[in-house]
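Examination of the molecular architecture
One-letter residues, chain by chain:
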Amino acid sequence: MKYHKETECRICSSQDLELILDLGNQPLANAFIKKEDLQKSENRFPLRLYLCKNCHLLQLLDIVDKEYLFKEYLYLTSASKPIVSHFETYASEIYDEFLKVSADPLVIEIGSNDGSLLKEFQKFGTNVLGIEPAKNIAKIANDVGIPTKNVFLNYDTAKKISLEQRASVIIANNVLGHIEDLKEFIKCIKVLLDDNGIFVFEVPHLLDLMQKLEFDTVYHEHLSYLSLKPLISLTNEFDLEIFDVKKQKVHGGTIRVFVSKKGQFKKTSNLEKLISIEKKSGIYDIKTYKMFAQNVKQLKNLLQNELKKCKSEGKTIFGYGAPAKGNVLLNYCNIGKEFLDYILDTTPLKQGLYTPGMHIPVRLYQTLPKNASQYVALLLAWNYEKDIIHKENEFRENGGRFLVPIPTPNIIGV
Ligand code: JHZ
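Now for a look at the structure at hand. From a predicted model like this one, the values you see are computed outputs, not experimental measurements. Within each chain, residue numbers correspond to sequence positions counted from 1 in written order. Local features are withheld for residues below a pLDDT of 70 in this predicted model, meaning they are given only at 70 or higher, and side-chain atom pairs are given and counted only at 80 or more; totals for whole chains, interfaces and linings count all residues. Only hydrogens and water are set aside; all other atoms, that is, all heavy atoms of the structure, feed into the side-chain values.

This next bit is on the sheet that holds strand β8 (residues 148–149). DSSP calls a pair of strands paired once it identifies at least 2 bridges connecting them. Only DSSP runs of H or I with at least four residues qualify as helices, and only runs of E with at least two residues qualify as strands; both kinds are numbered from the N terminus onward. The mixed open sheet is built from seven strands, whose spatial order is β8-β7-β6-β9-β10-β13-β12. In the strand order of this sheet, the two ends are held by β8 and β12 (240–248), each with one partner. Two strands pair when backbone bridges link them, and strand β10 (residues 193–204) and strand β13 (residues 254–261) are joined in this way by seven bridges, in the antiparallel orientation. Each bridged residue has a counterpart across the sheet, and for Ile198 the counterpart in β13 is Ser260. Whether two residues touch is decided by their heavy atoms; if any such pair falls within 4.5 Å, the residues are in contact. Only the stretch in contact is used when a helix axis is fitted, and all axes are lines through C-alpha atoms; the angle between N-to-C directions ranges over 0 to 180 degrees. Packed onto the sheet, helix α2 (residues 81–99) meets β6 (106–110), β9 (167–173), β10, β12 and β13 and runs at close to 155 degrees relative to β9.

This is the structure we're talking about:
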């Protein structure tokens, strides 16, 4: 069995759940296909977004088994340079503020991928341990000298690790949204964490998802779409507390959340400020979600029209970046080979594969076409818009155009 349907909210167990957006039956966003498998039928699962009307957790209830989702994985942190530099700053900020004065501290990262962040901590001489469920990715990390356990974290594993050493810092980036049993996860954190240690995590911020119409970040891997209110009640339930939060630009708008055992750190004013911004923004009001769903439907038509226009002008369109979310966008907006010839991506593991659902070939990014004025690049990796537009200056100067799909289709030239 690869899939099951939940009927209760993941955090507060309420059954008062309302369907907000139905993105249809979709293949898994990271299930890129080999050429020889193109004729085989693909597994598709319902992709539907629900709001808990009690604790306001926005979530999926159609759950694909984690073994099936994450045992082999194609996303590599190191393939996106802006994320690598984000991690450099991230590690040095955490080191300066929380680790510099500790004797022989340990940093544990859950969902450590290819070890890009832990590598930065190693540069400070800090002991590190990665926990990464994808076998192929954990191997990449171990091969470059980042000790990584290839397991899904559960309470037994956490207990075993804690017998050897507890962590001064536990990190989990883009992980909480992927966890089905959030309560067990928080129990693992409690057992792994030193009494005066901190748990730091980053998750895409629900506020940005709503305000910038980032609907394509909704896919089967992402079970919860997080904001502070449900996170506070989750951590409080286990005698942990959020003491600080910092907004980050990555992944279309992220929050970095700082958690400790109760009473260890003074709560910062950032926390109060963001709680109040969230309240005022309407993300705890069902009307906001109804409007969001309408805008998503409208975006589909606008994007189709823009692509048709480019085609009628004789342009060749290719995809820039093959992120998981790009596949949600292509499948939901019905953008297939009649529009896109190919997609360029920097991830070695995605080369030569075809996108799930739409079967667009993924090619290794080297440089962009020289006769640029013939081309339009659909920016599927829109979260790196600033970096990419800057990097591809020459393409734009030679007449090439970018089509940025989110929050509303927008053509960018020189
Ligand atoms: P990117 C990932 O989602 C994975 P994805 C995960 N599910 C998650 O939770 C979110 O992040 C937050 C390529 N690229 O980062 C590399 C270029 O080709 O938007 C990647 O394949 N050229 C854990 O997959 C893709 O684009 C470039 O210049 O939606 C970007 O993937 C750059 C910068 C990237 O994440």
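Working definition: residue near molecule or strand if any one of its non-hydrogen atoms lies within 4 Å of it. Taken together, 26 residues surround the ligand, and among them Lys325, Asp345, Lys350, Tyr384 and Lys391 come closest. Contacts to the ligand include Tyr384, whose side-chain N or O atom sits 2.8 Å from an oxygen atom. When the ligand is considered free in solution it has 730 Å² of accessible area, and contact with the protein chains removes 95% of it. Here a polar contact is recorded for every N or O atom pair within 3.5 Å, except that within protein the pair must consist of a potential hydrogen donor and a potential acceptor, and residues adjacent in sequence are included only if both atoms are side-chain atoms. Accessible surface area values rest on a Shrake-Rupley calculation with a 1.4 Å probe, where residue burial reflects the displayed protein chains alone.

Residue Ile406 is joined to Pro407 through a cis peptide bond whose omega torsion reads 0 degrees. Counting through the fold element by element, Pro407 comes out in the loop between β18 (401–404) and β19 (410–412). The backbone of His251 shows a phi angle near 50 degrees, a positive value even though the residue is not glycine. Buried residues are those whose accessible area, probed at 1.4 Å on protein chains only, stays under 20% of the maximum for their type, while exposed residues exceed 50% and partly exposed ones sit between those limits. When its relative accessible area of 18% is taken as the criterion, His251 is described as buried.

When a carboxyl oxygen of Asp or Glu lies within 4 Å of a side-chain nitrogen of Lys or Arg, that pair is called a salt bridge. This model, assessed by the stated rule, comprises 20 salt bridges. Close ionic contact of Lys290 with Glu18 constitutes a salt bridge, the shortest N to O distance being 3.3 Å. Linking Lys290 in helix α10 (residues 286–312) with Glu18 in strand β2 (residues 17–26), this pair joins segments that are 272 residues apart in sequence. With its nearest N and O atoms 2.5 Å apart, the salt bridge here joins Lys247 to Asp208. Of this pair, Lys247 sits in strand β12 while Asp208 sits in helix α7 (residues 206–211); the two residues are 39 residues apart in sequence, bridging distant segments of the chain. Judged by its relative accessible area of 40%, Lys247 is partly exposed. Linked by salt bridges that have partners in common, Asp208, Lys212, Glu214 and Lys247 make up one network.

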